[in-house]
Amino acid sequence: MTEPIDASPSPVPAEPDFAAPQREVQRKLGRCMFRLQQYEILAKALVGHRELSAPSGKMHEVQAKNVALAASKTLGQLVGELTGTFLKPLQSEPENNSAESEDGFGDDQQAWFRFSNAIELPPERHQQLMQDLADLVKMRNELVHHFIERFDVFTIDGCLVADNYLQGCYETIDGHYLTLRAWVEGVNGARKAAAEFMQSPEFLDFFMSVVVPDVKGVDWPSSRIVQLLKGEEEASAVESWTLLNAAIPSIRAKEPEQTPKQYGCSSWREVIHKSQLFEIRKTKSAGENGTLVWYRSKPMQLLG
């Protein structure tokens, strides 16, 4: 005879005793990773828009490249950008970058624009924040690469230890995220205010008076500004070439009223170009300036 078929359901295997706390650990680990990704998205936006330096005709192109470059960076690289250029210790005297920014025109004489954002902090706060951000990167790497190695999530006790650790991680990550979001909101607010001001009649009047003043028929060979440039050649030329960014502060110290604006120019480079009395040479620098600009009188002027 045929044995009767047993239609009763098979018993469901019992869950291990660590299953429920392990799921809670998984949930909290996922929450930390989710917040870290939100932090990275904000950091990429801030780094991609922190600074723009480009000729007027290529500003959108350069901005798009900056954003694409930031999008490819890791969290460690993003934090390096923030701590290297965006967050700065508060100084007793403001930095003087005027000599570096005097070169307002490129080789094709297009107007060159530069915008940047930064946050200055008291030295003690700046130093602490540098350490906190370095710890954040370390925490992220631990969570991504070494979490299961560090915690035994297949026991109840191991899950409880991991749960407490993840709770602390999330509070730290969330604090950094809220701080970064406040920075981004502040930068966006400053950019909006600047854009509104630059569209105002007051700014346009000021801009036109600075960039296009009513100066015609400058007698460059006998002009005082050219004489001062030549004087710097005699004082500090190196193998007949004079460093423009060294000559500018020296001239300012002697005769501060002698500025490119007085001669219808927006930069010292434009003075040299318009006068047609000097040659220009560029060299690479190993320091922060990047490119050094040198000038010298044309041979016919030296003979004269």
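Use the structure listed above.
What counts, and where the lines are drawn
Residues numbered from 1 in each chain as written. Predicted model: local features only at pLDDT ≥ 70, side-chain atom pairs only at ≥ 80, totals over all residues. Heavy atoms only, no water. Phe/Tyr/Trp six-rings, centres within 6.5 Å; stacked < 30°, edge-to-face > 60°. Lys NZ or Arg CZ within 6 Å of the ring centre and 35° of its normal. Axes fitted to C-alpha atoms, helices over the stretch in contact; angles between N-to-C directions. Helix = DSSP H or I, 4+ residues; strand = E, 2+ residues; numbered from the N terminus. Left-handed = near helix turned anticlockwise from the far one by under 90°. Contact = heavy atoms within 4.5 Å. Nonpolar A, V, L, I, M, F, W, Y, C, P; charged D, E, K, R; others polar. Pairing = 2+ DSSP bridges. 1 Å grid on protein atoms, 1.4 Å probe; cavity = no way out; pocket = protein on both sides within 12 Å on 5 of 7 lines; lining within 4 Å. Points joined across faces, edges and corners; volume = space filled by probe spheres on them. Salt bridge = Lys/Arg side-chain N within 4 Å of Asp/Glu carboxyl O. Buried < 20%, exposed > 50% of the residue type's maximum accessible area, 1.4 Å probe, protein only. Polar contact = N/O pair within 3.5 Å; in protein donor to acceptor, adjacent residues only side chain to side chain. Patch = residues over 30% accessible without salt bridge, like charges linked within 9 Å, V, L, I, M, F, W, Y side chains within 5 Å. Areas by Shrake-Rupley, 256 points an atom, 1.4 Å probe, with all protein chains shown as cover.

(A) Seen up close, the packing of aromatic side chains. Within the structure shown, the criterion is met by 6 aromatic pairs. By the ring-pair criterion, three or more aromatic residues cluster together here, those being F147, F151 and Y165. The ring of W294 carries the charged tip of R281 above its face, separated from the ring centre by 5.7 Å.

(B) Local environment of the packing of helix α8 (residues 224-236) against helix α9 (residues 244-254). Packing of α8 against α9 leaves a shortest axis separation of 10 Å and a crossing angle of 120°. Regarding α8 and α9, the two cross each other, and that crossing is right-handed. Residue-level inspection shows L228, L229 and E232 of α8 in contact with α9, the latter providing L244, A247, S250, I251 and K254. For the contact of α8 with α9, the residue count by class is 5 nonpolar, 1 polar and 2 charged.

(C) Molecular detail of the sheet that holds strand β6 (residues 278-284). Here 3 strands make up an open sheet; going across it, the order is β5-β7-β6 and the pairing antiparallel. Every interior strand has two partners, whereas the edge strands, β5 (242-243) and β6, have only one. For β6 and strand β7 (residues 291-297), the ladder comprises 7 bridges, and the chain directions are antiparallel. What sits directly across from E279, in β7, is R296. Helix-sheet contacts for α8 involve β5, β6 and β7, and the interaxial angle to β7 is about 100°.

(D) View of the layout of surface pockets. Here the second largest pocket defines a volume of roughly 450 Å³. Along the walls of the second largest pocket sit 15 residues, with L52, M59, Q63, F115 and R191 positioned nearest its centre. For the lining of the second largest pocket, the secondary structure elements donating two or more residues are β1 (51-55), α2 (59-71), β3 (112-116) and α6 (156-198). Ranked by the residues each element gives to the lining of the second largest pocket, the list is headed by α6, at 5 residues. Looking at the lining of the second largest pocket residue by residue, the class counts come to 7 nonpolar, 5 polar and 3 charged.

(E) Main features of the pattern of salt bridges. Applying the stated criterion to the full structure yields 11 salt bridges. Salt-bridge contacts for E51 lead to R50; the nearest nitrogen and oxygen are separated by 2.8 Å. Two residues, E270 and K274, come together in a salt bridge whose shortest N-O distance is 3.3 Å. In this pair, E270 and K274 both sit in helix α10 (residues 268-275), 4 residues apart, roughly one turn of the helix. Owing to a relative accessible area of 38%, K274 belongs among the partly exposed residues under this scheme. Through salt bridges with shared partners, one network takes in R50, E51 and R114.

(F) A look at the side chain of S275. With respect to the helices and strands, the residue S275 is situated in helix α10. Since its relative accessible area comes to 7%, S275 is described here as buried. Among the polar contacts listed, one links the side chain of S275 to the backbone oxygen of I272, at a separation of 3.1 Å. Sequence-distant contacts of S275, that is, excluding residues within four places in its chain, are made with W220 and V226.

(G) Local environment of a nonpolar patch on the surface. A contiguous nonpolar patch, built from F115, F197 and M198 and spanning about 270 Å² of accessible area, is present on the exposed surface. Within the secondary structure layout, F115 lies in strand β3. Residue F115 is classed as partly exposed on the basis of its relative accessible area of 36%.

(H) Spatial organisation of the side chain of R35. Counting through the fold element by element, R35 comes out in helix α1 (residues 19-49). Polar side-chain contacts of R35 include one of 2.6 Å to the side chain of Q38.

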